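Here is what each chain is made of, one letter per residue.
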Amino acid sequence: MNTSKKTFRMVLTALFMAIVIIMAFVPNLGYINLVVIKATLIHVPVIIGSIVLGPQMGAVLGATFGLTSLINNSINPSLLSFAFSPFYSVGEVGGNFFSIIICFVPRILVGVVPYYVYKGLMALMKNFKGKKLVALPAAGVAGALTNTLLVMNMIFFFFKDEFATAKSIAVEAVYDVILGIIAANGIPEAIVAAVLGTAVSLVLLRMMPKEN
């Protein structure tokens, strides 16, 4: 990798990390408190970073996303923040080690999956002129759904009983409620990731210095 490309990548990585941190701690910018759970837009710079910088730097950005989620849910909680922080509890319901897994594993994968979806589709459509306009939105949607589907399903598997207690619902109704959250949060988050991810990634990919 030549010096100009390496410098460009380092600057972009630092910029994306700064964006993630700023979005995380400016109220209702990166995390939107919906009382029950927090919707997020922080997946967008992580997805863009994954596509433009690759899976290693994407994973670093994803881990930063996870860390901000842990901190935010500890100091500015919503009803289900125990699922993201072992330091928060609601009555007898509290977080534990699985809260750390939910915080970090899906978010790290948000920084990995879009890269491989993008590269895979670009390879499959190598003779198609508009391949980027298909591959980039698909990568954005894949990254957003990686976050939403993994987080919500992990909450179901690790905190089903606690979820039912916090929401004052029957355990049998938990997954129906989770499906509702996936639809209400996941679809808009995926659309935003597809639109913004495509627009910004197109610009940055054009700006990326070529190898000598």
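Residues numbered from 1 in each chain as written. Predicted model: local features only at pLDDT ≥ 70, side-chain atom pairs only at ≥ 80, totals over all residues. Heavy atoms only, no water.

**A closer look at the overall build of the chain**
Counting its regular elements, the chain contains seven helices and four strands. Counting helices and strands in the order they occur from the N terminus, the chain gives α-β-β-α-α-β-β-α-α-α-α. Its C-alpha radius of gyration of 18 Å places the chain within 12% of the 17 Å reference for a compact globule of 212 residues. Each principal axis of the C-alpha atoms in the chain carries an extent, and together these give about 60 × 30 × 25 Å. (Helix = DSSP H or I, 4+ residues; strand = E, 2+ residues; numbered from the N terminus. Rg over C-alpha atoms; globule rule 2.2 N^0.38 Å.)

**Focus: the environment of D161**
As for its placement among the helices and strands, D161 is situated in helix α6 (residues 132-167). Note: C-alpha distance between D161 and I42 (119 residues apart in sequence) is 28 Å.

**A short note on the packing of helix α2 (residues 43-53) against α6**
Remark: α2 packs on α6, axes separated minimally by 10 Å, with the N-to-C direction vectors making an angle of 130°. With respect to their mutual orientation, α2 and α6 come out oblique. Here α2 runs over α6; the crossing is right-handed. Judged by residue contacts, H43, I47 and I51 of α2 engage L136, A139, G140, G143 and A144 from α6. Taken together, the residues that form the contact of α2 with α6 break down as five nonpolar, three polar and no charged. (Axes fitted to C-alpha atoms, helices over the stretch in contact; angles between N-to-C directions. Parallel < 35°, antiparallel > 145°, perpendicular 65-115°, else oblique. Left-handed = near helix turned anticlockwise from the far one by under 90°. Contact = heavy atoms within 4.5 Å. Nonpolar A, V, L, I, M, F, W, Y, C, P; charged D, E, K, R; others polar.)

**Regarding the packing of α2 against helix α5 (residues 113-124)**
At a minimum axis distance of 7 Å, the contact between α2 and α5 shows a crossing angle of 50°. Judged by the angle between their axes, α2 and α5 are oblique. As for the relative orientation of α2 and α5, their crossing is right-handed in sense. On α5, the residues that touch I47, S50 and I51 of α2 are P114, Y115 and Y118. A class-by-class count of the residues in the contact of α2 with α5 yields five nonpolar, one polar and no charged.

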